Amino acid sequence: MNEYFADLHIHIGRTYKGQAVKITASKTLTFSHIMEEASERKGLDMIGIIDMHSPQVLEEVDELISAGRVRELADGGLQYKNTVIMMGSEVELRFEPLQCSAHFLVYVPTLNRMKEFSSWLATKVKNVHLSTQRMYASMPELQDKVKNWNGLIIPAHIFTPFKSVYGNCTHSMKNIMDTRLIPAVELGLSSDSDMADCLNELHEKTFVTNSDAHSLPKIGREYQKLRMNGCSFTEWEDALWRRNGRGITANYGLHPKLGKYHLTRCAACEELVREEAAERCPCCGHSTFIRGVFNRLQDIADSSHPIHPPHRPSYIHQVPLEFIPKLGPKKMKELLQHFGTEMNILHHVSEQELTSVAGEMIASLIVKNRQGVMQLQEGGGGRYGKVIN
């Protein structure tokens, strides 16, 4: 068994012909640019590229396979150099009795399965070329289809205040889906294992930590370390279900304080609110809030403290390199020239080596980052937190 770094939620902004896919994502986020960035700069062993259902994206993959730059793996997935790509799509389902919508990540093992999914999805959405479209289908229908394709469904960013299972839909996943078919849930940028394990029904689920990247620099801002016998869809599926000795050995993510939906923010005066008093802002008295993950969990948690099941790995709070004060593009380029990838810089390069390239202050901050002792200013209401030391 070996260990591999993986970020399984990366959006496509544009196709190779310039057609929009994820409207809010960077134009540089094409399939080719993503795989190059993830493999050659980030140093990720496995990535999940979302929006693979878009027809022009599938065309690009066919061309890359024909050119010999990408190859399909027998056990599922695509290989580019030292990085394996899982093929995924994000969809939005509406739950009418609850008057809410939530996002879900769908992954299938092979290119032919993704083409089948794309054709079926085209009959269920208004524009199959775009990302995260509202899907006019039921959850049982989606789960049945994905099961027949030997695929996986993972609820996305489960606590965020907009379009998520717990954030704006329900206090229990069992109200909206067959949880027996769900191996894992994605925590999102504003929560961690301590927060999520205050919900009893999540104890049996594997936690995944992904970037939900909307630009190339954001790839790998959250990721996980997987124990597998190689990278493929089959191995990854076993890791999510914790079968045959496979599993996640560590989750790496932003400290929840850095997440842009950690605390509630008043929509009027924009002050952060830790405790909502009589449903009104204690600063200005306004009654409209952008609800934070921390505050939402106060309402729905079964326990006031986390109860971690034996299988739960460590959650390692980590600040992405782009958050490190004074670490600008020029210095970052120097570090990459010396040490190869961001994974090397974050995990392996000694403080002495870092100091020789980046200077004592930046090297010290990178090491503090590894130790989880950075000083942070809390975020919320759509604004990220900040590193303040």
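Now for a quick tour of the structure. (Residues numbered from 1 in each chain as written. Predicted model: local features only at pLDDT ≥ 70, side-chain atom pairs only at ≥ 80, totals over all residues. Heavy atoms only, no water.)

### Quick word on the nonpolar core
If you look at the biggest cluster of nonpolar residues, it comprises 97 residues, and the most contacted ones within it are Phe-31, Met-52, Phe-104, Leu-142 and Leu-202. The contact partners of Leu-202, leaving out residues within four places of it in the chain, are Ile-158, Phe-159, Tyr-166, Met-173, Val-185, Ala-196, Asp-197, Phe-207 and Arg-312. (Core = buried A, V, L, I, M, F, W, Y, C linked by side-chain atoms within 4.5 Å. Buried < 20%, exposed > 50% of the residue type's maximum accessible area, 1.4 Å probe, protein only. Contact = heavy atoms within 4.5 Å.)

### What to know about helix H7 (residues 233-241)
For H7, a buried count of 7 out of 9 residues is recorded, marking the element as mostly surrounded by other parts of the structure. Regarding H7, the residues found buried are Phe-233, Glu-235, Trp-236, Glu-237, Asp-238, Ala-239 and Leu-240. (Helix = DSSP H or I, 4+ residues; strand = E, 2+ residues; numbered from the N terminus.)

### Side note on the state of the cysteines
Going through the model one piece at a time under the given rule, you end up with 1 disulfide. Bridging Cys-100 to Cys-169, the disulfide has an S-S length of 2.2 Å. The sign of the 110° torsion about the S-S bond sets the Cys-100-Cys-169 disulfide as right-handed. Of this pair, Cys-100 sits in strand S6 (residues 100-108) while Cys-169 is found in helix H5 (residues 165-169), placing the two residues 69 residues apart along the sequence. Considered together, Cys-100 and Cys-169 belong to a single accessibility category, that of buried residues. (Disulfide = S-S within 2.5 Å.)

### Describing the layout of surface pockets
By volume, the largest pocket amounts to about 560 Å³. Together, 23 residues line the largest pocket, and His-157, Asp-212, His-214, Lys-260 and Tyr-261 are the ones closest to its centre. Of the pockets and cavities examined, the second largest pocket occupies roughly 240 Å³. Lining the second largest pocket we find 17 residues, and of these Lys-42, Pro-217, Leu-321, Glu-322 and Glu-342 sit closest to its centre. Looking at the lining of the second largest pocket, the elements with two or more residues in it are helix H1 (31-42), helix H9 (329-339) and helix H10 (342-347). (1 Å grid on protein atoms, 1.4 Å probe; cavity = no way out; pocket = protein on both sides within 12 Å on 5 of 7 lines; lining within 4 Å. Points joined across faces, edges and corners; volume = space filled by probe spheres on them.)

### Description of the side chain of Thr-179
Along the chain, Thr-179 falls in the loop between H5 and strand S9 (184-186). Residue contacts for Thr-179: discarding those within four places in its chain leaves Met-173, Lys-174 and Lys-205.

### With respect to the environment of Gly-151
Within the fold, Gly-151 resides in the loop between helix H4 (139-148) and strand S8 (152-155). Its relative accessible area of 14% is what places Gly-151 among the buried residues. In this structure the C-alpha to C-alpha distance between Gly-151 and Thr-110, which are 41 residues apart in sequence, comes to 9.3 Å. Residues in contact with Gly-151, not counting those within four places in the same chain, are Tyr-107, Val-108, Pro-109, Val-146 and Phe-233.

### Quick word on the sheet that holds strand S14 (residues 272-273)
One open sheet accounts for 3 strands, arranged S14-S13-S15; its pairing is antiparallel. Two strands lie at the open edges of the sheet, namely S14 and strand S15 (289-290), each paired on one side alone. Pairing geometry for strand S13 (residues 264-266) and S14, over 2 bridges, is antiparallel. Along S14, the bridge assignment pairs Arg-265 with Leu-272. (Pairing = 2+ DSSP bridges.)

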